[in-house]
Structure formats: structure tokens, C-alpha cells
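A look at the structure
Residues per chain are reported as follows:
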Amino acid sequence: MKKKLHFDVATYALPLLGSLIILAIWAVSSATWSKNLPSPSKTWEVSRPFIVAPFEKRGELDQGIGRFAWYSLWLVAKGYTLALLIGTPLGFLLGRSKLFAKGLDPIIQVLRPVSPLAWLPLGLVLFEKSQPAALFTIAICAMWPTVLNTALGVRSIPQDYLNVAKVLQLSPAKTFFKVLLPAALPYMFTGFRLSLGIAWLVIVAVEMLTGSPGVGGFLWQEYNSLIYEHIILCILTIGLVGFVLDRLMSMVETRLRAS
Amino acid sequence: MAAKDTVAFLQLKNVSKGFGPSKDRTEVLADINLDVERGEFVAIVGYSGAGKTTLINLMAGLSTPDTGKILLDGKPITGPGADRGLIFQNYSLLPWMTAFDNIFLAVDQTYADWDRDKKTAHVERYLEMVNLAAARDKKPAELSGGMKQRVAVARALATEPQVLLMDEPLGALDALTRATIQDEIARIWAETRKTVVLITNDVDEGILLADRIIPLSMGPGATLGPAVDVSIPRPRDRKAMNHDARFKLVRNRVIEYLLGPGRRSGEPQAQGTASVAVRTDTVAA
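The rules behind each value
Residues numbered from 1 in each chain as written. Chains lettered and ligands numbered in written order. Predicted model: local features only at pLDDT ≥ 70, side-chain atom pairs only at ≥ 80, totals over all residues. Helix = DSSP H or I, 4+ residues; strand = E, 2+ residues; numbered from the N terminus. Contact = placed C-beta atoms within 7 Å. Buried ≥ 20, exposed ≤ 12 C-beta atoms within 10 Å, placed from the backbone. Domains from an automatic or database assignment. Pairing = 2+ DSSP bridges. Nonpolar A, V, L, I, M, F, W, Y, C, P; charged D, E, K, R; others polar. Core = buried A, V, L, I, M, F, W, Y, C linked by C-beta atoms within 7 Å. Axes fitted to C-alpha atoms, helices over the stretch in contact; angles between N-to-C directions. Parallel < 35°, antiparallel > 145°, perpendicular 65-115°, else oblique. Left-handed = near helix turned anticlockwise from the far one by under 90°. Expected span 1.5 Å × (residues − 1). Bend = angle between axes of the 7 residues up to and from the residue.

1. Description of the overall build of chain A
A tally of regular secondary structure across chain A gives 10 helices and two strands. Ordered by position in the sequence, the α and β elements of chain A form the string α-α-β-β-α-α-α-α-α-α-α-α. Viewed in the frame of its principal axes, chain A has a C-alpha envelope of about 70 × 65 × 35 Å. The long-range fraction of contacts in chain A, counting pairs at least 24 apart against all pairs at least 6 apart in sequence, stands at 69%.

2. Here's the deal with the overall build of chain B
Looking only at helices and strands, chain B features eight helices and 10 strands. Dimensions along the principal axes, computed over C-alpha positions, put chain B at roughly 65 × 45 × 45 Å. For chain B, the residues scored as buried account for 42% of the 285 residues in total. Sequence separation of at least 24 residues holds for 71% of the intrachain contacts in chain B that already meet a minimum separation of 6.

3. Regarding the domain arrangement of chain A
Frequently, the measure chosen for interface size is the accessible area removed from exposure when the parts meet. Annotation of chain A at the domain level lists domain 1 (2-37) and domain 2 (57-258). One C-alpha centre belongs to domain 1 of chain A, the other to domain 2 of chain A; they are set 32 Å apart.

4. Side note on the sheet that holds strand β5 (residues 75-76) of chain B
Whether parallel or antiparallel, the strands of a sheet pair through hydrogen bonds between backbone atoms. Residues and elements named next belong to chain B. Spatially, the four strands line up as an open sheet ordered β2-β1-β4-β5, and their pairing is antiparallel. In this open sheet, the two edge strands, each paired with only one partner strand, are β2 (26-36) and β5. Both strand β4 (residues 67-72) and β5 contribute to a ladder of two bridges, which runs antiparallel. Bridge pairing links Leu71 to Pro76 in β5.

5. Concerning the interface of chain B and chain A
Between chain B and chain A, the residue contacts involve 13 residues of the former and 14 residues of the latter. Of the residues forming the side of chain B that touches chain A, the biggest block, three residues, is contributed by helix α2 (residues 99-110) of chain B. Across the side of chain B that touches chain A, the residue classes break down as 10 nonpolar, three polar and no charged.

6. Brief notes about the nonpolar core
Judged by nonpolar contacts, the single largest core of 138 residues is most densely connected at Ile138 and Ala199 of chain A together with Ile103, Ala154, Val197 and Ile213 of chain B. Top contributing element to this core by residue count: helix α8 (residues 172-210) of chain A, with 16 residues. Residue contacts for Ala199 of chain A: discarding those within four places in its chain leaves Val76, Gly79, Tyr80, Ala83, Ile138 and Ala142 of chain A.

7. Things to note about the domain arrangement of chain B
Residue and element names in this part refer to chain B. Partitioning chain B into structural domains gives domain 1 (40-60 + 78-83 + 161-285) and domain 2 (92-160). Summarising the inter-unit geometry, the C-alpha centres of domain 1 and domain 2 are found 27 Å apart. Each partner contributes to the interface: domain 1 provides 12 residues, whereas domain 2 provides 11 residues. Of all the elements, helix α5 (residues 175-192) adds the most residues to the side of domain 1 that touches domain 2, at five residues. Of the residues that constitute the side of domain 1 that touches domain 2, the class distribution is nine nonpolar, two polar and one charged.

8. Section: the sheet that holds strand β9 (residues 212-216) of chain B
All names here are of chain B. Read from one edge to the other, the open sheet built from six strands follows the order β6-β7-β8-β3-β9-β10, with strand pairing classed as mixed. The open sheet has two edge strands with one neighbour each: β6 (84-87) and β10 (228-229). In the sheet, β6 pairs with strand β7 (residues 163-167) via four bridges, with the strands oriented parallel. The residue bridging Ile87 from the neighbouring strand is Met166, located in β7. The sheet contacts of helix α4 (residues 145-158) involve β6 and β7, and relative to β6 the element is tilted by about 175°.

9. What to know about the packing of α4 of chain B against α5 of chain B
Residue and element names in this part refer to chain B. One way to put it is that α4 packs onto α5 with a least axis distance of 10 Å and a crossing angle of 20°. In terms of orientation, α4 and α5 fall into the roughly parallel class. Considering the relative orientation of α4 and α5, their crossing is right-handed. Counted together, Gly145, Gly146, Gln149, Arg150 and Leu157 of α4 and Thr177, Thr180, Ile181 and Ile188 of α5 form the full contact between these two elements.

10. Re α8 of chain A
Residues and elements named next belong to chain A. Compared with the 57 Å implied by 1.5 Å per residue over 39 residues, the 44 Å span of α8 between its first and last C-alpha is markedly short. The largest bend in α8 is about 55°, located at Leu185, with the proline Pro186 one to four residues further on. Just downstream of α8 lies Gly211, where phi reads positive at about 70°.

11. With respect to the packing of helix α3 (residues 65-96) of chain A against helix α9 (residues 215-224) of chain A
All names here are of chain A. In the contact formed by α3 and α9, the axes pass within 7 Å of each other and the chain directions differ by 125°. Looking at the two axes, α3 sits oblique to α9. Residues Phe68, Ala69 and Ser72 of α3 form the contact with α9, whose own contacting residues are Val215, Gly216 and Phe218. In terms of residue class, the contact of α3 with α9 is built from four nonpolar, two polar and no charged.

12. Thoughts on the environment of Phe189 of chain A
Residues and elements named next belong to chain A. Of note, Phe189 is situated in helix α8. For Phe189, a count of 22 C-beta atoms within 10 Å translates into the label buried. If sequence neighbours within four positions are ignored, Phe189 has contacts with Val252, Glu253 and Leu256.

13. Here we look at the pairing of β9 of chain B
Residue and element names in this part refer to chain B. With four of five residues buried, β9 is to be regarded as a mostly interior element. Direction of pairing for strand β3 (residues 41-46) relative to β9: parallel, over a ladder of five bridges. Bridging from a neighbouring strand, Ile44 pairs with Ile214 of β9. As paired elements, β9 and β10 share two bridges and run antiparallel to each other. Note on β10: the bridge partner recorded for Ile213 is Val228.

14. Structural notes on the pairing of strand β1 (residues 10-19) of chain B
Residue and element names in this part refer to chain B. In terms of strand pairing, β1 meets β2 through seven bridges, oriented antiparallel. Within β2, the residue paired with Phe19 across the bridge is Thr26. Connecting the antiparallel pair β1 and β2 is a turn made up of six residues, with Gly20 showing a positive phi of about 95°. Sheet topology note: the β1/β4 ladder contains five bridges and is antiparallel. By the bridge assignment, Leu10 is partnered in β4 with Leu72.

15. Side note on unusual backbone geometry
All names here are of chain B. For the peptide bond that leads from Arg234 to Pro235, omega is -5°, which places it in the cis range. When you line up the elements, Pro235 lands in the loop between β10 and α7 (245-259). Even without being glycine, Tyr91 reaches a positive phi, approximately 65°.

Listed below in C-alpha cells is the structure:
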């Protein structure tokens, strides 16, 4: 009983304490050296209508924060799907073919660290519209963990399983769906999870630059309108949504690894 | 080996196999000749690392010999085939499938034209044959080593191959489980009369199960020694092994070869081999 209580203190009270300390630093900062920084209470006051009615649409630029987050999530979902659709087969090719891996690996290592801010203008040049350019940017930034982890997963398939497929003379389709895919799936999911994290990271930059409606777009617009409270609201929303996404993915991942 | 009127069912003729690039290439198997008759149970007994798995992979068609030929029923083996079933050393069950599904995967492929009910009944029959009907829906992680190996045996048998190749199937099991499954293999062989090639490092296992034991010399360049016939009637009593003269005779002949001519291969001796030799000399002195 005592042990259980101790556990609860560690999981709930400590994060609460940490948050209170941050709040205190924030409040002191806004009151002393940074006059432009809105205080926590002011932030709450100004953000309230956006939080209590999260899905209300009062105007194009005046919508609940939930609604903005939903726009962003929807764009991320599309870009992320694109990333998986390109990244997974590419990863399989890299994992299965040594020649392919040798040829492509240096290119991947060079393209991987490129910032979304650099890809977006290229997307605009290529597709001329902001929506496809945004999808292009999300996909090309987010797909690398999927590519690399899928390749690693495919390379890590034990030779024994491949021998089983050969001895049973499984067709290529059966070999893929019954042996290769299930064997590589746990690795692939690690890639999927990391990719989703990046996709969510990229969305803000993309929305800022393209002016699309969403949390990132809202953040930039409110900065320009000098409503700094909303910047903090957006940051917290982005962080929270990212956290929930990662939790959901790692729940699926754990289940996959366990089975 | 006694001259036969007909051609043997499974034949290996002057087979050799090596690995690595030509400069520092290791010859694993050299000059392997083997005739296995239809319905015969042959055990190949040899040192760990002598190339036993390489030999069975050649017969399974997972790799091809550098020289020589492997013929099954007069036709050369070019790859894996439904006519040969392989039981792997480490079970090699797919961990994401239940015992049933692991066997079903094999049956589904071999008997593609059967309807689902027939395939299911077939899988269940083989699960019963290895006494695993109760573990039908368990995944490999929930099974003990012995149970896993039984599933692997059922998987190999369920495709009803003409030849069953076993690569140290019981090597990873404890002694008691080993004995149980040996008895099961003996019973199943008596029921099905398959042609079997069993690879093992356990001479007694060969004596219990096989018609003929063939020692494999130490590598590199391992080759087969003279065959020892095991003409002890079945069922063989493992409790008699320690005092029955016939058991002792077979065991001595196999061990004499393995410790004598079979330990010295044509190639320069490896480091590990030398240390064994020194130890024996000390004992002799």
C-alpha cells in the first residue's frame, strides 16, 4: 500500500511540481525583464474562448484551437500517409538488395538532414500550389526514419525464416506477407512512430510559410497581430497533440512487439 | 557398402562444398559419397562444426554443391522441393503464428487445390500425431523446446515428403525431452516408413533410430567414413544400451572412426583440433 502511494507521488505529483516551477518562472519573467511576454493568467484569459469552445468557427481566422489542431492533423495525416507509401517500399528495397543499398545510402544520408524550411520552396517550385507543396515537404522530411528502420527490419530477418520460406517453397507473395512483413513489422513501426513525430514537427513550419489554416498558421498570424498569448496557446497545443500521437503509436508498437 | 542392383533413392556423388573467396577459401565438405535406399533411416554422426548443416542444406536444395551431383530418384536436385521435408536445428517456427498456422502454412502451399476443411483436418491429424492437439492455438513463445520441435516435426511430415531431412533436431533439448521425442520419431517412422537422413552429434541417438550410421570426419574437408549397419530389431530398448553387446559394438565402431581416422582430415589441422590431440596424448601417456 505504501509502495503504491509512493509510486503515485512520483508519477503525478512530481510532474505537477515541475509544471508549477515553470509557471512561476514564466510569471516572474513576464512581470520583470520581459514586458512583452504575457503572464500566465493573462494568457489563460485571452485563450479561454479558444479552449472552452475548441471547435467553434467564428470566422476564417477566429476558430477554436481544437478546430485549428484538426486542420493541422488532417494535413499531417495526408503527408504522413504519403511518407509511408513511399518510405516503406523504399525501405524494403534497401533491405533486400545490397546493390540498391550501396547506391542509395549516401543520397539518403545527404537528404536526411535537410530542413523542412529548405524543402518547402522547392515544393512550391515543383507544384506551384501551397497544398501539394506542403504535402511534399511533410512526406520528404518524415519518410527517412520509415525508410531506414524498414531497411534495418528487413536486414534483421533471421536466415532461418528465409530458409523456411524456401523449403516450403512459398510463393513470392506468401513469402512477403507471411514471413518478411511480420518479421520486419516491429522495426517498421519504430520507423512509423519516429516519422509521425517528424511530420508533426514539420507541419508548423509548413503552415507558417504557406499560410494554411492550422495551429502553425494561427500561431504566425497571431504573432503578426501582436496577440502573443495565442503563441503560447499554440505551442502548448502542438506539444500536447504531439505527445498524444507518440503515446498512441508506442501503444501499438508495444502490442506488436509483444505478439 | 553392399552393391545394389537398382540405383539408390537418394544419391550423393563426389560432392564437395566450400565457402569464401578463392584466396582464403575453406573447403567444408570434400568427396562425399552416399547412397540412401527408399524407406531407409540413415544417421550421419559427426563433430560440431564439421559441416553437418552444410551437408543437409545441400540435400534440401538450400545450396548447391561446388562439385559432384545429388540425385533424388535419379533426378538431380536443383532447389528445395516438396519431395523433401527439412526439420531445422533450431525449430525455425514463425513466432507470429500459432502451432496450427505454422503447419497450415506448409499444407496450404503443398496442397493448394484442397478445400479449407480438408487442409484443416490434415493439419489437425499431424498435430495429433505429435501429441500436440491441445497446443493447437498456442504461439511458439508459449511452447516448451520439446513442443516446438514437435511442431517442427509435424510441419515437415504434414507435407508428406518422400525424404525427411533432420538437422540435429534434438540438439537444443534437455536429455529427458530428447528421449521422449526420440521415441516419438521412432514410432512415427515405424508408421510412415519415410526415407530419413538424420544429422546428429549423438551416436546413441543414431543407434536408437537408424538402420545405418555413417560417421562424418572432422573438417575442414570433412568426408564420410565407413557406414556401420545397425541390425538391432525394433523397437529398440534404450535401457539396454549400456549393457547390450550389439549396441556397444556399433557405438565402438563409430567412435573408433571418429576419434581415429575421422579426426585427421586431409587439410592442415585447425587450432581447436590440435588442443584436443594434445589432451588425448596426455591421457595416453
